[in-house]
Amino acid sequence: MNGNLRLLADTLARAKRENRAALITYMTAGFPTVDDGIAATQAMLNSGADIVEIGLPHSDPVLDGPVIQAADDIALRAGVRIADVIRTVRETHQATGKPILVMSYWNPIDRYGPERFGSELAEAGGAGCILPDLPVEESAVWRETADRHGLATVFVAAPNTTDERLRELTTAGTGFVYASSLMGVTGTRDAAGTAADTLVRRIRATTDLPVCVGIGISDAAQAARTARFADGVIVASVLVKAVLDAPDATAGTAIVAELTAELSRATRRHAESSW
């Protein structure tokens, strides 16, 4: 069974036709429990998110800031496994019909087995993986697996990525390019990085793939600004923090839905102006 790379591409293309940026949201699998995490991801997709990233909890993340690290720790202490991540993808996709990506560091997938992981992700209806720490030079095994199973391989570009390296990333990647709005780890910021629009222009000079911007986008104003120049707006930590801070999981899901709706409206303001 093939994965949903085509669904991901079609979703991003539809947003562009509608003269807006796609909204991509994030939630850690197994947080605060597996069932509650599934409820939160479905709530986001039912409240205006176009695509969702499911985080595969990892004990030593290099990109994630303290909020997502805290969620990972809660999930890992509760014994979450890759099977729970795949279940989250399956149930969320079945309930919403929307593209679901897994955000993961390479080590868990490597240990699990790239073919096994790719096959199970595709069978669950997944659209692909974002792999922030997998070097392009070492990605052939995964990319071949992803191609066989109809999955996207999304690489992350930073403001200090050289033009040569950008060409390597965009040549090897599929689905879209993840452009980091600033240097550093994930987390809320008072202002989104001003280098993001420059990075997006540099990436577009190397590829026709959509460019989606994340890291540091934490409110509707930042999302609206980013939507003026990006194909997609990625929001993560502020949504996870809402669940962390909520008095219970039901309240957390309701807050996440409300935040997602607000962010979705912000990205749609982009329709009032041209690309």
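Since this is a predicted model, take the numbers as computed values, not measurements.

### Considering helix 9 (residues 196-204)
- Within the sequence span of helix 9, burial applies to A196, L199, V200 and I203. Looking straight down helix 9, one finds that the buried residues subtend no more than 100° of arc, so they occupy a single side.

### A few points about the environment of A22
- Here A22 shows up in strand 1 (residues 22-28).
- Note: C-alpha distance between A22 and A49 (27 residues apart in sequence) is 7.6 Å.
- Those residues within four positions of A22 in sequence are excluded, and the remaining contacts are L12, A15, D50, D231, G232 and V233.

### Let's talk about the layout of surface pockets
- If you add up the space inside the second largest pocket, you get close to 250 Å³.
- What lines the second largest pocket is a set of 13 residues, among which L56, P57, V80, I82 and P108 lie closest to the centre.
- Every element with two or more residues in the lining of the second largest pocket is listed here: helix 4 (82-96) and helix 5 (106-112).
- No other element matches the 4 residues that helix 5 contributes to the lining of the second largest pocket.

### Overview of unusual backbone geometry
- Cis geometry is adopted by the peptide bond preceding P32, which originates at F31 and carries an omega value of -5°.
- You can see P32 is positioned in the loop between strand 1 and helix 2 (34-45).
- One non-glycine residue with positive phi stands out, namely N19, at about 60°.
- For N19, the position within the fold is in the loop between helix 1 (5-17) and strand 1.

### Description of the UniProt feature "active site" (unreviewed entry) in the protein chain
- Feature annotation in UniProt places "active site" (unreviewed entry) on E53 and D64, given in this structure's numbering. Taking the annotated residues in turn, D64 line the second largest cavity.
- Positionally, E53 belongs in strand 2 (residues 51-55).
- Take D64: it is sitting in the loop between strand 2 and helix 3 (66-77).
- We classify D64 as buried; its relative accessible area is 6%.

### Topic: the side chain of T260
- Tracing the backbone through its elements, the reader meets T260 in helix 12 (residues 249-268).
- You can call T260 buried: its relative accessible area is 0%.
- Discounting chain neighbours no more than four positions away, the residues touching T260 are L23, T25, M44, S47, G48, A49 and L239.

### Some thoughts on empty space enclosed by the protein
- Under the counting rule described, the total for this entry stands at 2 cavities of 30 Å³ or more.
- Estimates place the volume of the second largest cavity at around 40 Å³.
- Y26, G55, L56, D64, D72, M103, S104 and Y105 together form the lining of the second largest cavity.
- The residue makeup of the lining of the second largest cavity, split by class, is 4 nonpolar, 2 polar and 2 charged.

### What about helix 10 (residues 220-227)?
- Among the 8 residues of helix 10, 6 are classified as buried, and the element is accordingly described as predominantly covered.
- Along helix 10, the positions that sit buried rather than exposed are A220, Q222, A223, A224, T226 and A227.
- On the buried face of helix 10, the contacting elements are strand 8 (211-214), strand 9 (232-235) and helix 12.
- The backbone nitrogen of A221 has a side-chain oxygen 3.2 Å away, supplied by the residue at the start of helix 10, namely D219.

### Considering the packing of helix 2 against helix 4
- At a closest axis distance of 10 Å, the pairing of helix 2 and helix 4 adopts a crossing angle of 35°. The crossing of helix 2 and helix 4 is right-handed. From helix 2, V34, D35, I38, T41, Q42 and L45 reach across to helix 4, where they touch D84, R87, T88, E91, T92, A95 and T96.
- Its residues placed into classes, the contact of helix 2 with helix 4 shows 4 nonpolar, 5 polar and 4 charged.

How each quantity is defined
- Residues numbered from 1 in each chain as written.
- Predicted model: local features only at pLDDT ≥ 70, side-chain atom pairs only at ≥ 80, totals over all residues.
- Heavy atoms only, no water.
- Buried < 20%, exposed > 50% of the residue type's maximum accessible area, 1.4 Å probe, protein only.
- Helix = DSSP H or I, 4+ residues; strand = E, 2+ residues; numbered from the N terminus.
- Arc of directions from axis to C-beta.
- Contact = heavy atoms within 4.5 Å.
- 1 Å grid on protein atoms, 1.4 Å probe; cavity = no way out; pocket = protein on both sides within 12 Å on 5 of 7 lines; lining within 4 Å.
- Points joined across faces, edges and corners; volume = space filled by probe spheres on them.
- UniProt positions renumbered as here; feature names shortened; annotations may be inferred.
- Nonpolar A, V, L, I, M, F, W, Y, C, P; charged D, E, K, R; others polar.
- Polar contact = N/O pair within 3.5 Å; in protein donor to acceptor, adjacent residues only side chain to side chain.
- Axes fitted to C-alpha atoms, helices over the stretch in contact; angles between N-to-C directions.
- Left-handed = near helix turned anticlockwise from the far one by under 90°.

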